[in-house]
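# Summary of structural features
Below are the chains, spelled out letter by letter.
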Amino acid sequence: MTIPMAIVDYIPVCMFLIAAVILQRDLYKSMSKGAFALFSAGTITVFVAGFYKATWKLLYAAGVCDFTPLNKSFFPMQTTGFVLAALGMLALLCHKQGDDAEKLNSVAIIPALGVILTAAAPSEYSGTMIFVMLMVLGVLILDVGLIIISAKHKQTLAAVIYGISFVFVMGMGYLSSKDFAEASMNWIAEFTNILGQGTFLLATWMLHKKALAEK
């Protein structure tokens, strides 16, 4: 691990934070207090988890120290964050939040899709399969929820880009199960992560500028 590689790890973390703040501001009026609390707490937790891991990498690469708690806390924190954000999204979509909110029964199919996708999770995660399932399910619900919101506002391109983002995030999860002894694998994972969070930010910005910011 090198210092430039560690610094690059902050890029997708910052991208996710920007997208999270935009979504928090745009969805605030549409969400109940409980739903917004879950969503905002979840997205911030995901950011903090990524920030912790990037900081661990930088400290390790710079030869300062190997503060392993920063690294070990990443997976459970990120899983918790995505689950909380997903619960907030489900609350927004499935329960009436206000005069403009609609109940979307179609969201009931999301958990079933999550179970199908987690069946393909790498065997290396067998000891922590419950966390993998919750992680995949959380990301899936969050992205599908945003796809539904994009479709509701007739932002088809944003919906498609959210779908692409989900694919990259799942690809990053797959790469994390591989051997990172070679620097090339680390760089592939870094750029996959940047693409995943970059497309997530792009879709969020498009939804903000063309639909949600007009409210």
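Residues numbered from 1 in each chain as written. Predicted model: local features only at pLDDT ≥ 70, side-chain atom pairs only at ≥ 80, totals over all residues. Heavy atoms only, no water.

Counting its regular elements, the chain contains nine helices and zero strands. A burial count over the chain gives 46% of its 215 residues as buried. Carbon and sulfur atoms form 69% of the exposed surface of the chain, whose accessible area is close to 11000 Å². (Helix = DSSP H or I, 4+ residues; strand = E, 2+ residues; numbered from the N terminus. Buried < 20%, exposed > 50% of the residue type's maximum accessible area, 1.4 Å probe, protein only. Areas by Shrake-Rupley, 256 points an atom, 1.4 Å probe, with all protein chains shown as cover.)

In this section: helix α7 (residues 129–152). An α-helical turn contains 3.6 residues, so a residue and the one three or four places further along point in the same direction. Counted at 1.5 Å a residue, the expected span for α7 with its 24 residues is 34 Å, and the 34 Å between its end C-alpha atoms agrees. Looking one or two places after α7, you find Lys154, whose phi comes out positive at around 60°. (Expected span 1.5 Å × (residues − 1).)

To continue, consider the pattern of salt bridges. Scanning the model with the defined rule gives two salt bridges in all. The partner of Lys57 in a salt bridge is Asp9, with the nearest N and O atoms 3.4 Å apart. Taken together, the residues Lys57 in helix α3 (residues 33–61) and Asp9 in the loop between α1 (3–8) and α2 (10–27) connect sequence positions 48 residues apart. For Lys57, a relative accessible area of 14% translates into the label buried. Taking the relative accessible area as the measure of exposure, Asp9 reaches 8% and is therefore buried. (Salt bridge = Lys/Arg side-chain N within 4 Å of Asp/Glu carboxyl O.)

Membership of the largest hydrophobic core comes to 38 residues, with the highest contact counts inside it found for Leu27, Phe39, Met89, Leu146, Ile149 and Phe200. When residues of this core are traced back to their parent elements, those giving at least two are α2, α3, α5 (74–94), α7, α8 (156–175) and α9 (183–210). Ranked by the residues each element gives to this core, the list is headed by α7, at eight residues. Apart from the residues within four sequence positions on either side, Phe39 is in contact with Leu23, Gln24, Leu27, Met31, Leu84, Ala85, Gly88, Met89 and Leu142. (Core = buried A, V, L, I, M, F, W, Y, C linked by side-chain atoms within 4.5 Å. Contact = heavy atoms within 4.5 Å.)

Now for the packing of α5 against α7. Contact pair α5 / α7: the axes reach a minimum separation of 8 Å and the direction vectors enclose 35°. As for the relative orientation of α5 and α7, their crossing is left-handed in sense. Of the residues in α7, those touching α5 at Phe75, Pro76, Gln78, Thr79, Phe82, Val83, Ala86, Met89, Leu90, Leu92 and Leu93 are Phe131, Val132, Leu134, Met135, Gly138, Val139, Ile141, Leu142, Gly145, Leu146, Ile148 and Ile149. Looking at side-chain class alone, the contact of α5 with α7 contains 19 nonpolar, four polar and no charged residues. (Axes fitted to C-alpha atoms, helices over the stretch in contact; angles between N-to-C directions. Left-handed = near helix turned anticlockwise from the far one by under 90°. Nonpolar A, V, L, I, M, F, W, Y, C, P; charged D, E, K, R; others polar.)

Together, Ile130, Phe131 and Leu134 line one region of the surface with nonpolar side chains, adding up to about 250 Å² of accessible area. The topology assignment puts Phe131 in helix α7. On the basis of relative accessible area, Phe131 is assigned to the partly exposed category, the value being 34%. (Patch = residues over 30% accessible without salt bridge, like charges linked within 9 Å, V, L, I, M, F, W, Y side chains within 5 Å.)

So, about unusual backbone geometry. Positive phi, close to 60°, is recorded for Lys154, a residue that is not glycine. Note on placement: Lys154 falls in the loop between α7 and α8. Among the residues examined, Lys154 registers a relative accessible area of 72% and is labelled exposed.

Glancing now at α3. Counted at 1.5 Å a residue, the expected span for α3 with its 29 residues is 42 Å, and the 42 Å between its end C-alpha atoms agrees. Count one or two residues on from α3 and you reach Gly63, which has phi positive near 75°.

Turning our eyes to something else, we now look at the confidence of the model for the chain. Here the chain shows a mean pLDDT of 82. Residues at 70 or above account for 78%. Per-element mean pLDDT across the chain ranges from 44 in helix α6 (residues 110–118) up to 95 in α2. Predicted confidence for residues 99–127 stays below pLDDT 50, and this span has 38 contacts to residues more than four positions away or in other chains. (pLDDT = per-residue confidence, 0-100.)

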